Amino acid sequence: SNFAEESTMVNFTTEQLRELMDYKYNIRSMSVIAHVDHGKSTLTDSLVAKAGIIAQKHAGETRYTDTRADEAERGITIKSTGISMYFEYVMSHSDRAEVSAAEGRALKVTGGSDEAVKAVSSQQAGESAEGEQDGPKLSENSYLINLIDSPGHVDFSSEVTAALRITDGALVVVDTIEGVCVQTETVLRQAIGERVKPVLHVNKVDRALLELQLSPEDMYQSFARAIESVNVIIATYNDELLGDCQVYPEKGTVSFGSGLHQWGFTLCKFARMYSDKFGIAYDKMMAKLWGDNYFDNKGKKWVKTDKDGTLERAFCQFIMSPICKMFAAIMEDKKAKIQKLLKVVGVTLKKEDEELTGKPLLKRVMQKWLPVGDAILEMIVVKLPSPAAAQRYRVDNLYDGPLDDAAANAIRTCDTSSEAPLMMYISKMVPSSDRGRFFAFGRVFSGKIATGQKVRIMGPNYVPGKKSDLWVKNIQRTLIMMGRFQEQVQDIPAGNTCGLVGVDQYLLKSGTITTLEEAHCIKTMKFSVSPVVRCAVEPKKAQDLPKLVEGLKRLAKSDPMVLCYTEESGEHIIAATGELHLEICLKDLQEDFMGTEVKVSDPVVSYRESISSNSSQTCLSKSPNKHNRLYMEATPMNDELADAIEAGKISAKDDPKLRARAMADDFGWDVTEARKIWSFGPDGSGPNLLYDVTKGVNYLLEIKESVAAGFQWAAKQSVLCDEQMRSICYKLMDVTLHADAIHRGMGQIMPTARRVIFASMLTAAPILQEPIFLVDISVPQDAMGGCYGVLTRRRG
């Protein structure tokens with residue numbers, strides 16, 4: 001084992017990983033979620049190091065899951081990164097019973113599935129004959145952990161949603177000093193909304209000991225506060241089908257420790273140690289190690305009160321005090337005391353480690369004594385559900401169709417048999433090294449996805465039975481995602497996360513992949529934020545425009561949340577969730593997706609021009625050859641009608657008689673006038689009307705087209721500031737025309753119509769309408785006041 005610790009030996013091969021994927025009870029999919037800078041990526045390192053992917057001594061500084069250059073540089077996570085790892089963990093009997101009950105199967109099965117045990121025994125029989133093979137043997141104690149490290153900034157909370165959708169458990173990290181913050185609450189709410197089971201890790205305990213020098217009792221209080229606030233949030237958003245998922249240290253769903261120094265513990269670890277030492281039952285010891293329990297040494301009994309401060313709380317006496325003593329001895333560099341303590345806790349240091357002093361020594365000792373990887377691994381394996389257990393209660397939230405059809409049943413049982421229908425959800429696109437191409441990253445919920453398999457790719461707008469948003473194509477390659485690398489495998493069974501090549505041409509951001517003809521989609525994700533910060537981009541050089549359009553398409557793919565669209569003013573708009581998100585998007589656009597610079601500016605806000613009263617007089621305009629006259633008036637349209645036209649309830653395409661009836665009934669129009677509507681404008685569909693109230697005019701229908709064309713032109717670029725008109729009705733009062741057809745052509749009538757429309761608008765008290773930004777803001781209660789303040793400053 002010494003050798004393994006020294007070198008960075010990856011302790012599993014791709015083949016073993018693939019083999020382990022078949023044992024659905026031995027898979028754990030989880031995401032790491034927390035407030036920004038509470039130490040998610042640092043903590044993830046402990047597991048990556050335990051899997052042998054990075055060296056123990058670098059763990060905590062490497063931040064292996066921050067794969068992009070700008071992530072390493074800023075020290076923040078931007079994109080959620082998936083990584084699959086192999087671990088060995090031997091469950092105790094009580095744990096096994098608990099886990100089996102959750103998965104609803106017989107106890108006799110030890111950890112893995114029946115097939116796994118059979119396969120393993122036959123495999124071992126075969127192996128002993130042909131000599132030892134390298135790498136670990138798969139047994140029912142082998143676990144595959146699909147871990148997704150997610151960002152903490154509120155700007156990137158869409159990445160968190162995408163990660164939660166394809167995992168069953170969440171490791172919530174809370175900074176013991178800052179406690180539960182706004183974003184902790186947001187991500188927890190998202191997790192419970194997706195029916196993802198949380199376990200808690202209280203991080204940065206080293207700071208509380210070294211910087212704040214808290215006493216063991218203060219530490220206990222600060223832990224208790226953090227755990228309580230987490231439980232309050234969980235209780236607030238609780239979901240019946242998920243059951244009670246609050247976290248309790250005495251039930252082993254909370255761990256404490258430090259990601260940076262790579263040490264941590266759950267109460268289980270100490271309870272095991274002391275139950276052997278004192279001969280107390282393990283369950284009893286667990287219960288005593290948290291809460292108001294005190295051990296009376298004189299009376300050799302447990303008591304509920306501290307007898308006026310003479311006794312020390314059990315948590316402090318048995319757990320925190322030894323840790324504090326160790327910290328004190330090492331930081332004050334008392335060699336003899338350190339040696340004595342190390343002997344007691346059973347840690348032996350190597351030769352080169354004995355020269356270390358101060359924090360490096362502290363890290364090394366604590367890492368050996370209480371490795372955080374073990375504590376977290378234990379919580380993941382024992383307390384978080386396997387896909388087989390989780391999909392039983394998650395299927396209602398996942399599947400859009402009837403909950404008793406073939407697809408739903410396959411998802412419910414996490415069916416991996418050969419005839420099971422494939423159901424897979426793609427939650428995001430990951431840019432690949434090949435420029436402009438993406439891996440589709442998602443999770444298989446039932447069946448098996450294989451290289452070259454013919455599948456139905458369904459976008460979010462697919463309706464069963466229709467052909468829209470549906471492609472039947474072959475999968476080019478299936479990959480296991482490993483942080484910054486990918487491993488290609490033949491196929492991937494249900495319960496696992498995986499990457500696909502060749503799907504990015506069809507799906508925009510997310511979608512469902514299935515082999516079942518009558519399958520419905522898997523529900524689209526509900527994001528807790530929406531893209532509201534906008535900016536306009538244009539290329540520095542005009543010839544780069546096609547590049548920009550292509551780059552925007554790729555950018556829209558690469559991020560679950562960003563929106564790229566074209567305004568009516570012709571600008572290209574990028575909408576993101578916040579300043580930081582926008583900055584990252586623009587950087588990606590210029591460096592990865594385009595390769596050239598763009599000019600960034602504020603988007604132009606488009607106003608609408610309207611009127612506030614009727615025209616003060618009838619307006620007249622003569623044609624350029626003085627032979628034709630148009631008389632017109634303008635009246636404001638009522639708002640309901642304008643909204644109905646914008647919503648498409650009333651449009652130019654409707655049957656004129658039915659439309660007139662509807663306008664008379666709902667909006668109080670006169671039926672005869674409503675039947676004579678000539679045109680909607682602008683673009684033949686906007687909320688402005690031109691109708692005719694003339695009596696007995698000769699040749700009127702011959703100029704209808706020309707007047708309508710003039711009206712369209714005027715409505716598109718109006719008189720005040722070239723913006724579009726909105727909610728104005730123009731009445732054509734009277735027309736005087738020349739008898740000769742040649743003198744009343746388009747060239748005579750169209751400009752005249754435009755001028756008379758402008759005139760009647762200007763005589764009707766013209767106004768400008770500005771757009772209103774309608775937004776739902778959901779915040780914790782203590783932030784309400786701030787929101788109101790900001791809104792009133794912005795005329796909200």
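Presented here is a report on the structure given in the accompanying data block. Here the residue index of a chain counts from 1 through its sequence in written order. Residues qualify for local features only when their pLDDT is at least 70, as the model is predicted, and side-chain atom pairs are given and counted only at 80 or more; totals for whole chains, interfaces and linings, by contrast, use all residues. Side-chain metrics rest on all non-hydrogen atoms present in the structure, leaving aside hydrogens and water.

The helix and strand labels rest on DSSP assignments: H or I over at least four residues marks a helix, E over at least two residues marks a strand, and numbering proceeds from the N terminus. Helices and strands together make up the secondary structure of the protein, namely 27 helices and 31 strands. Overall, the protein is about 115 × 65 × 50 Å in size when its C-alpha atoms are taken along their principal axes. Relative accessibility thresholds used throughout: buried, under 20% of the residue-type maximum; exposed, over 50%; partly exposed, between the two (1.4 Å probe, protein chains only). The proportion of buried residues among the 796 residues of the protein is 54%. Two residues qualify as a contact provided that any one of their heavy atoms is within 4.5 Å of a heavy atom in the partner residue. A fraction of 73% describes how many contacts in the protein between residues 6 or more apart in sequence connect residues 24 or more apart. Accessible surface for the protein amounts to roughly 35200 Å². Of this, 52% is attributable to carbon and sulfur atoms. Of the side-chain charges in the protein, 96 are positive and 105 negative, and the distance between the mean point of each set is 0 Å. Surface exposure here means Shrake-Rupley accessible area, sampled with a 1.4 Å probe, where a residue is shielded only by the protein chains that are shown. Positive charges are assigned to Lys and Arg, negative charges to Asp and Glu, while His and the chain termini are left out of the count. Charge placement uses NZ in Lys and CZ in Arg. For Asp and Glu, CG and CD serve respectively.

Counting buried residues in helix H3 (residues 40-50) gives 10 out of 11 residues, a clear majority hidden from the surface. All of the buried residues along H3 are Lys40, Ser41, Thr42, Leu43, Thr44, Asp45, Ser46, Leu47, Val48 and Ala49. Looking at the buried side of H3, the elements it contacts are strand E1 (27-34), strand E2 (81-88), strand E3 (142-149), strand E4 (169-175), strand E5 (197-203) and helix H17 (372-383).

Strands pair, by our definition, only if DSSP identifies at least two bridges between them. Pairing is mixed in the open sheet, where 5 strands are placed in the order E25-E26-E30-E28-E27. Only two strands of the sheet have a single partner each, and these edge strands are strand E25 (619-622) and strand E27 (677-681). Strand-to-strand twist of the sheet, defined as the mean angle between neighbouring strand axes without regard to direction, takes the value 25°. As paired elements, E27 and strand E28 (residues 688-692) share 4 bridges and run antiparallel to each other. Paired with phenylalanine 680 across the two strands is leucine 689, which belongs to E28. Running at roughly 25° to E27, helix H25 (residues 704-716) makes contact with E27, E28 and strand E30 (728-736) of the sheet. Simply put, an axis is a line fit to the C-alpha atoms, just over the touching stretch for a helix, and the angle between two N-to-C directions goes from 0 to 180 degrees.

Attention now moves to the nonpolar core. The criterion is simple. A nonpolar core is a set of buried Ala, Val, Leu, Ile, Met, Phe, Trp, Tyr and Cys residues joined through side-chain atoms within 4.5 Å. Counting 69 residues, the largest nonpolar core has Phe256, Phe265, Phe315 and Ile323 as its most contacted members. If one sorts the elements of this core by residue count, helix H13 (residues 314-331) sits on top with 12 residues. Among all residues touching phenylalanine 315, those that are not within four sequence positions of it are Tyr220, Phe223, Phe256, Phe265, Leu267, Leu289, Trp290 and Met320. Among the nonpolar cores identified, the runner-up in size contains 44 residues, and Met21, Ile426, Cys498 and Phe593 belong to it.

So, on to the pattern of salt bridges. In the sections that follow, a salt bridge refers to a side-chain nitrogen of Lys or Arg positioned within 4 Å of a carboxyl oxygen of Asp or Glu. Tallied over the entire structure, the rule returns 23 salt bridges. Notably, a salt bridge pairs aspartate 559 with lysine 79, separated by 3.1 Å at the nearest N-O pair. A residue pair is termed long-range when its members are at least 10 positions apart, and aspartate 559 in the loop between helix H20 (545-558) and strand E21 (563-566) and lysine 79 in the loop between helix H4 (69-74) and E2 qualify at 480 residues. The pair aspartate 559 / lysine 79 is uniform in exposure class, with both members buried. Close ionic contact of aspartate 175 with lysine 204 constitutes a salt bridge, the shortest N to O distance being 3.7 Å. Taken together, the residues aspartate 175 in strand E4 and lysine 204 in the loop between E5 and helix H9 (205-210) connect sequence positions 29 residues apart. A single burial state applies to aspartate 175 and to lysine 204, both of which are buried.

Backbone geometry at glutamine 262 places phi at a positive 65°, although glycine is not the residue there. Topologically, glutamine 262 is positioned in the loop between strand E6 (254-258) and strand E7 (263-266). On the basis of relative accessibility, which here comes to 3%, the residue glutamine 262 falls in the buried class. Although it is not a glycine, serine 727 sits at a positive phi angle of roughly 50°. Of note, serine 727 is situated in the loop between strand E29 (724-725) and E30.

With that settled, consider the environment of lysine 716. When you line up the elements, lysine 716 lands in helix H25. With 33 residues separating them along the chain, lysine 716 and aspartate 683 place their C-alpha atoms 7.5 Å apart. If we skip the residues at most four places from it in the chain, lysine 716 touches Pro682, Asp683, Asp722, Glu723 and Gln724.

What follows deals with helix H19 (residues 406-413). Considered for burial, the residues of H19 that qualify are Ala407, Ala408, Ala410 and Ile411. Summarising the axial view, the buried residues of H19 lie within an arc of 160°, below the 170-degree limit, and thus occupy one face. Against the buried residues of H19 lie helix H18 (387-398), strand E10 (423-431) and strand E11 (438-446). Of the residues one or two after H19, cysteine 414 is the one with positive phi, at around 55°. It is the directions from the helix axis to the C-beta atoms that the arc portrays.

Quick look at the packing of helix H8 (residues 182-193) against helix H10 (residues 216-236) now. Taken N-terminus to C-terminus, the directions of H8 and H10 make an angle of 40°; their axes are 9 Å apart at the nearest point. Considered as vectors, H8 and H10 are oriented oblique to each other. Remark: the crossing between H8 and H10 carries right-handed chirality. Of H10, the residues touching H8 (which contributes Glu185, Leu188 and Ile192) are Val230, Ile233 and Ile234. Looking at the contact of H8 with H10 residue by residue, the classes come out as 5 nonpolar, no polar and 1 charged. Here roughly perpendicular refers to angles of 65 to 115 degrees, roughly parallel to angles under 35, roughly antiparallel to angles over 145, and oblique to all remaining angles. Take the far helix as the reference: if the near one is turned anticlockwise from it by less than a right angle, the crossing is left-handed, and if turned clockwise, right-handed. Here the nonpolar group is Ala, Val, Leu, Ile, Met, Phe, Trp, Tyr, Cys and Pro; Asp, Glu, Lys and Arg are the charged ones; every other residue, Gly included, is treated as polar.

This part takes up the packing of aromatic side chains. What counts as a ring pair is set by centres within 6.5 Å for rings of Phe, Tyr and Trp (its six-membered ring), and what kind of pair is set by the plane angle: stacked under 30 degrees, edge-to-face over 60, tilted for all other angles. In the structure shown here, the tally under the stated rule is 13 aromatic pairs. Through pairs of rings, three or more aromatic residues link up here, namely Tyr220, Phe223, Phe256, Phe265, Phe270, Tyr274, Trp290, Phe318 and Trp369.

On to a positive patch on the surface. A cluster of basic residues, Lys622, Lys626, Arg629 and Arg755, forms a positive patch at the surface. Take arginine 629: it is sitting in strand E26 (residues 629-636). Two joining distances apply to patches: 9 Å for like charges and 5 Å for nonpolar side chains (Val, Leu, Ile, Met, Phe, Trp, Tyr), and every residue must have over 30% relative accessible area and no salt bridge.

The strand order across the open sheet built from 4 strands is E21-E22-E20-E23, with neighbouring strands paired in antiparallel fashion. Both edges of this open sheet fall to E21 and strand E23 (598-601), since each of them pairs with a single strand only. Across this sheet, the average inter-strand angle for adjacent strands is 30°, counted without regard to direction. When strand E20 (residues 533-539) meets E23, the two strands line up antiparallel, connected through 4 bridges. Across the sheet, alanine 536 pairs through a bridge with serine 601, a residue of E23. This element, H20, spans E20, E21, strand E22 (572-576) and E23 of the sheet and lies at about 25° to E22.

Further remarks concern the state of the cysteines. Cysteine sulfur atoms that pair up within 2.5 Å are treated as a disulfide. What the rule picks out here adds up to 0 disulfides. Counting only cysteine sulfurs, cysteine 181 is the nearest neighbor of cysteine 787, a cysteine outside any disulfide, at a range of 17 Å.

Our next topic: the packing of H10 against H13. Two quantities define a packed helix pair, namely the angle between the helix axes and the distance between the axes. Running from N to C, H10 and H13 cross one another at 110°; their axes reach a closest spacing of 9 Å. Relative to H13, the element H10 lies roughly perpendicular. The hand of the H10/H13 crossing is right-handed. Along the contact surface, H10 presents Pro216, Glu217, Met219, Tyr220 and Phe223, while H13 presents Phe315, Cys316, Met320, Ser321 and Cys324. Grouping the amino acids of the contact of H10 with H13 by side-chain chemistry returns 8 nonpolar, 1 polar and 1 charged.

A few words on the side chain of glutamine 391. Of note, glutamine 391 is situated in helix H18. Residues in contact with glutamine 391, not counting those within four places in the same chain, are Ile411, Arg412, Cys414, Arg443, Phe445 and Gly495.

Right, let's talk about a nonpolar patch on the surface for a bit. Together, Val532, Phe773, Val775, Ile777, Val779, Met784, Tyr788 and Leu791 make up a nonpolar patch on the protein surface, roughly 690 Å² of accessible area in all. Looking at where isoleucine 777 falls in the secondary structure, it is placed in the loop between strand E31 (766-769) and helix H27 (784-793). Accessibility expressed as a relative area gives 46% for isoleucine 777, which makes it partly exposed.

Here the focus is the side chain of glutamate 194. Mapped onto the secondary structure, glutamate 194 falls in the loop between H8 and E5. Residues adjacent in sequence count toward polar contacts only when both atoms are side-chain atoms; beyond that, a polar contact is any pair of N or O atoms within 3.5 Å, and within protein one must be able to donate a hydrogen and the other to accept it. Looking at glutamate 194, its side chain comes within polar contact range of the side chain of arginine 165, at 3.2 Å. Each residue touching glutamate 194, except ones within four places of it in the same chain, is listed here: Leu164, Arg165, Arg394 and Asn397.

Purely geometric stuff here, so don't read any function into it on its own.
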